[in-house]
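One-letter residues, chain by chain:
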Amino acid sequence: MTTPLLEADNIAYTYQNGPTALAGVSVRIEAGSKTALVGPNGAGKSTLLLMLNGMLRPASGVIRFDGRPLAYDNRSLRDLRRRVGFVFQNPDVQIVAPTVEADVAFGPVNLGLPPDAVRQAVRDALGYVGLRGYEKRPPHHLSGGEKKRVAIAGILAMEPAVLVFDEPTSALDPASSEEVMELLDELASGGRTVLVSTHDVELAYRWADSVVLMERGSVLARGPPEEVFSDHALLATARLKPPALLDLYNELNLRRVIDRGVPPKSVLEFTDRIERAMHGHTPAGDGGGRIYLCNADRTGGDEVRALVEHGTVDHVGAMGTRAKEFANRERILLDYTYGVIDKCILKALIGENSLIITTGGMVEHVHRRIGEYSAESGRTLAVTPVREPEEIPPPNDERIPS
Amino acid sequence: MTTPLLEADNIAYTYQNGPTALAGVSVRIEAGSKTALVGPNGAGKSTLLLMLNGMLRPASGVIRFDGRPLAYDNRSLRDLRRRVGFVFQNPDVQIVAPTVEADVAFGPVNLGLPPDAVRQAVRDALGYVGLRGYEKRPPHHLSGGEKKRVAIAGILAMEPAVLVFDEPTSALDPASSEEVMELLDELASGGRTVLVSTHDVELAYRWADSVVLMERGSVLARGPPEEVFSDHALLATARLKPPALLDLYNELNLRRVIDRGVPPKSVLEFTDRIERAMHGHTPAGDGGGRIYLCNADRTGGDEVRALVEHGTVDHVGAMGTRAKEFANRERILLDYTYGVIDKCILKALIGENSLIITTGGMVEHVHRRIGEYSAESGRTLAVTPVREPEEIPPPNDERIPS
Amino acid sequence: MYEVLEDFAQTNNLRETSPALKLFIGTASILLCVSSHAPFAPLLVAASMSTAVLALAKIPARFYAKLLLVPVSFAAMSIVVVLFITGGGAVLLEVPDLPLAITAGGANLALLLLARVFGGMCSLYFIALTTPMTEIFDILRKLRVPAVLIDLAMLTYRFIFILIEEAGQIYRSQVMRLGYGRFRESVRSFGMLGGALFIRTWESGEALVLAMDARCYDGRLGIAGETRQISAPALAGGLLYLSAVFAVSLSTGGLVIV
Amino acid sequence: MHIMEGFLPSPWWEIWILISLPFVAIGVYQLNRLVRERRETLPLLAVAGAFVFVLSSLKIPSFNGSCSHPTGTGLGGILFGPCIAAVLGLIVLVFQAVFLAHGGITTLGANVFSMGIAGPAVAYLVYKAGTRAGANTYATVFIAAALADLVTYVVTSVQLALAFPGTVGFLGAFTAFAAIFAVTQVPLAIIEGAIIMLVFKYIVQL
């Protein structure tokens, strides 16, 4: 068993003249993991999170970072907080400066970086969250989703190893939530450890690879989301509802309509499972649709636009803020902006071509996900990378005969 | 075509120095309906809601209440605001007084009611939302869900005919959201007209009987939720996601796995549909489970407890805040606190008995819902009302032989 | 209205002009106004600044006209007092049965004051409507204003907008529950608004301390902004305008500095 | 009550700046020390300043514009001392000038003295005296708030009378200014006293 990056060991805490907030909680956060603390409001999630970067000190028990117990002197705390970044639920309490630029610079400036390094860190962080060009704006002119991204940029600018998000999508509409969750995916696929607290079971079910279920200051269960969330009695104790798809799956299972196995996490998997249940196997035929994959960091807009304009692809989706920015800049209309991979697989299965635009570490992720699907379902799906300008296949109809 | 209770006719509005908020919006709210305005943040939902009780005046277009255009003199506005109650998204800005009691009394006092009538209104409103006993508490120490209920009580105390809720479940955890939505159901079944704005498609899908889809200050579509939300292109334009169950249904439909028809709204309906699709019909047999129905306003706790303790029922669910309060007071453990009717039907189908505790107008609602299900599915399900003390069936094992 | 003033500063047509130049022209105009001994120069300032605000910055005329009404009540009351208590010169008007009279000296001073206030306020509007506060912070920093003062001002700025939003919502929710009806209820409603806002403020303050700590707060705020180049024609135009006002001021009653 | 831009002639605006400057300078010095010792002072002062600004920019019932900051900054005075209250007053007044067109830049010195120094000092003293004498707290708060307002208006009248003694002399001019402002300022002071008392009552009830 490896040493976890961050560990809470039998933590207890009681607020002044309040009820017990935490009663002996132990949690292990592995490096590079995507963990969700799930529970209703008042379960102690935020209290626990505040301890992980030393904002609160446990009454008893130990927090360990990288195997070492936290020290609570000023120097150590600063050091810890640089490495464990905390994004508050409400961006309005986190954004302190009068402009976006000054706010993102807050952390780096206080870390004592030289002005040039500060400027670079600000530029990088704003680029990452897709807010370049917003530097001079006052925060009160931003939308809720934009504020959230400014808050995240302010933490990213300090280059933390662990990112802690308290209710990352609270009060955001679905599109903004989706953007934030994608950002979290990008961060995780870039090697960072990401921890969120949430009462949104659907979100945790889709996103996390490890779930800690909390209620009344205790841990009720921990494990992979499909296991934890299948125990309805446990969820009811935590005053939560099972994810809709999982609920349906378990109900069908109870009536023996569907075969036992790993519960499906997405509409795509579910569809396959039901088809298999009805036909005994998934219908043959790959549909023949192709999935093009474009790395927006390496490809020019012209090539991608050509693909779309000449009808080579029927649907276009973008994953990640930078990819969406790219599409926006290059005036490529997007059909999908969330659940992109699954949507494109579904289209490929019915014979239609699609294009996924993404960036950086997410390219790998797309290959992996489609590969996994092919392996599980037994249907071969090919991913065609969109190549560099000189290598792109001739998109013009005229050239096809040659 | 009847006159709608509340009507917005071709409303346009632009904030000072801002973009257009509404560009020709028309909406009809029928008396007694449950309507949801659905759209992403910034679609103009809140602006429209603020016009319905005269807080904003449209730049062009007319708002009509009960067929008459609004007048904007002080007297008329006061009169209108008493009849169209507005519950803010954030209860913190709505709760103005230092105690729960004083806050709920704010409206009635301003109405000029005599002290006794104010006291009565406060007691009734707090009873309705299940917060009796909280009178002297300072609101800012309450949980999010409790604050929301205080805010609702503050509006109910003025006895409005129409209740307008801006993002009623925003930032609430699932249990509190469920409680608030049940309260909305109770209000509607009590004859009030209820209008909510939300970006939560799942919520609108389950709750509303009429949906208005908005984006960028315009109405994209209006109609029953299953129709509006089945149009994925439309939803994508509004930057929203389809409800998970509807998404799955449409996908199965596309692959011709499931028969066309009214899309299922709940896990219960979905399970039936899939069973029917697989077996050509829903499996015969009623399972034989019974559903007991208890009106908490009329029955004593002893009779209900007896049912439970003697194993007559296997599962107990409560609907509505007063029913939950009753269960709490009588120390009856609840298995279900949301989606109660569907859960109990599911149990009856597999032969288990269950008990539904509820109050007032919701009793009728339970009968109706179960009746509808029986008619649609062709399975007979009987509802057994829990009778008054002297009529209750002998629950003791000893008496059964006699 | 306050939100809108700063909103225009963020979006107006002179947004990209060097803030240092705008601040310089605005304050120099104010100084010329209060130092002029005849109403001509201040009136010239008022006319030029209004023209700049309307024609160059493209602030809507209706909004600007409303702004000009803000200082009227104070100006009217205090100038009336000056008008009556200042003697000298011919008596222009006597109030029957009261020891009140308007003299030429009083009338002249009142006119001068009116012109100065008018010119001064127009210059203030020029600054307020074209130069975002966020850029003024940068300039103050370069002018070596103590950092702690600027930091405090920056944090205050941020929270003013958060609290204004909340105060507005609380106010609205009170109006919806029929607050502010009669006078007594108005005072009561207002007291509740103040109290509720105080609680919100206190909670915001605690949250702010926590948030700043979480981001390694070490007593530093903000970065040095990049200096924007002052364009030569703009500078020339500004100087030309200021020297014209200066000349008018000198030739009409002179300039008094202390 | 703000003296607006352009109203105070030389040398009076300069004199008032010179009079206020030491208070602000000492305040900045104290602030620096406080922030070094307890970093959380700065954010707490900032929200206090924002609160004062927002409260004073709301329209008091039936009057256009109000001046509730003497008592607001007085609160800052009670918490952090009168010189820091002057700093807070300065910042609030700059924002009021730029965001609300209340006051001005050359008149900042005079306004800081009347509303950031004199008013809060009186509020502070009355509150201290009242609590020491064991008087009814609400009455004390009411009197402190109302008096702070009145003192602000008296000081403003003094400032104007000094600048414009006319032919009637300082006392005559003061009487004239004080009399004409009394029409709006005396009722305003009473309402403000009542409101601050209600706010105080609200907070105490928690």
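Note that residues are indexed from 1 along each chain, following the sequence as it is written. The order in which chains are written sets their letters, starting at A; the order in which ligands are written sets their numbers, starting at 1. Under the rules for a predicted model, residues below a pLDDT of 70 receive no local features and side-chain atom pairs below 80 are neither given nor counted, while totals for whole chains, interfaces and linings still include all residues. Each side-chain value is worked out from all heavy atoms of the structure, with water and hydrogens disregarded.

In terms of helices and strands, chain D carries 7 helices and 0 strands. Working definition: helices are DSSP H or I runs of at least four residues, strands are E runs of at least two. Numbering for both runs from the N terminus. For chain D, the succession of helices and strands along the chain, N to C, is α-α-α-α-α-α-α. For each residue, the accessible area found with a 1.4 Å probe, counting protein chains only, is set against the maximum for its type, and the residue is called buried under 20%, exposed over 50%, and partly exposed in between. Burial status across chain D gives 59% buried among its 206 residues. In chain D, the share of contacts with a sequence separation of at least 24, taken over all contacts with a separation of at least 6, comes to 75%. Computed by Shrake-Rupley with a 1.4 Å probe, the accessible areas treat only the displayed protein chains as cover when residues are assessed. For chain D, the exposed area adds up to about 7,200 Å²; of that, 72% sits on carbon and sulfur atoms. The contact criterion used is simple: two residues touch if any of their non-hydrogen atoms lie within 4.5 Å.

Between the rings of Phe, Tyr and Trp (Trp by its six-membered ring), a pair exists once the centres lie within 6.5 Å; its type follows the angle of the planes, with under 30 degrees stacked, over 60 edge-to-face, and the other angles tilted. In this structure the tally under the stated criterion is 25 aromatic pairs over all chains. Judged by centre distance (6.2 Å) and plane angle (50 degrees), the rings of Tyr 157 of chain C and Phe 95 of chain D are tilted. In this pair, Tyr 157 of chain C sits in helix H8 (residues 147-176) while Phe 95 of chain D sits in helix H4 (residues 82-100), so the two residues belong to two different chains. Judged by its relative accessible area of 1%, Phe 95 of chain D falls in the buried class. By way of ring pairs, the aromatic residues Phe 137, Tyr 157 and Phe 161 of chain C together with Phe 53, Phe 95 and Phe 99 of chain D are connected into one cluster. Definition used: whenever NZ (Lys) or CZ (Arg) falls within 6 Å of the ring centre and also within 35 degrees of the ring normal, the charge is taken to sit over that ring. Over the aromatic face of Tyr 134 of chain A sits the side chain of Arg 137 of chain A, whose NZ or CZ is 4.5 Å from the ring centroid. In this structure, Lys 201 of chain D is placed above the aromatic ring of Tyr 138 of chain D, and the distance from its NZ or CZ to the ring centre is 5.7 Å.

Here the focus is the sheet that holds strand E9 (residues 210-215) of chain A. Residue and element names in this part refer to chain A. Between any two strands, pairing holds if DSSP finds at least two bridges. Read from one edge to the other, the open sheet built from 6 strands follows the order E6-E7-E8-E3-E9-E10, with strand pairing classed as mixed. Both edges of this open sheet fall to strand E6 (84-87) and strand E10 (218-223), since each of them pairs with a single strand only. Taking each pair of neighbouring strands and ignoring which way they run, the sheet shows an average axis angle of 15 degrees. As paired strands, E6 and strand E7 (residues 162-166) are joined by 4 bridges and run parallel to one another. What sits directly across from Gly 85, in E7, is Leu 163. In this analysis, axes come from line fits to C-alpha atoms, helices being fitted only over the stretch in contact, and the angle between any two N-to-C directions falls in the range 0 to 180 degrees. The strands touched by helix H2 (residues 74-83) are E6 and E7; relative to E6, the strand with the most contacts, the crossing angle is about 70 degrees.

Let's shift gears to the domain arrangement of chain C. Partitioning chain C into structural domains gives domain 1 (3-131 + 228-252) and domain 2 (145-215). Of note, the centres of domain 1 of chain C and domain 2 of chain C, computed from C-alpha atoms alone, are 33 Å apart. Each domain's extent is set by a domain assignment, obtained either automatically or from a database.

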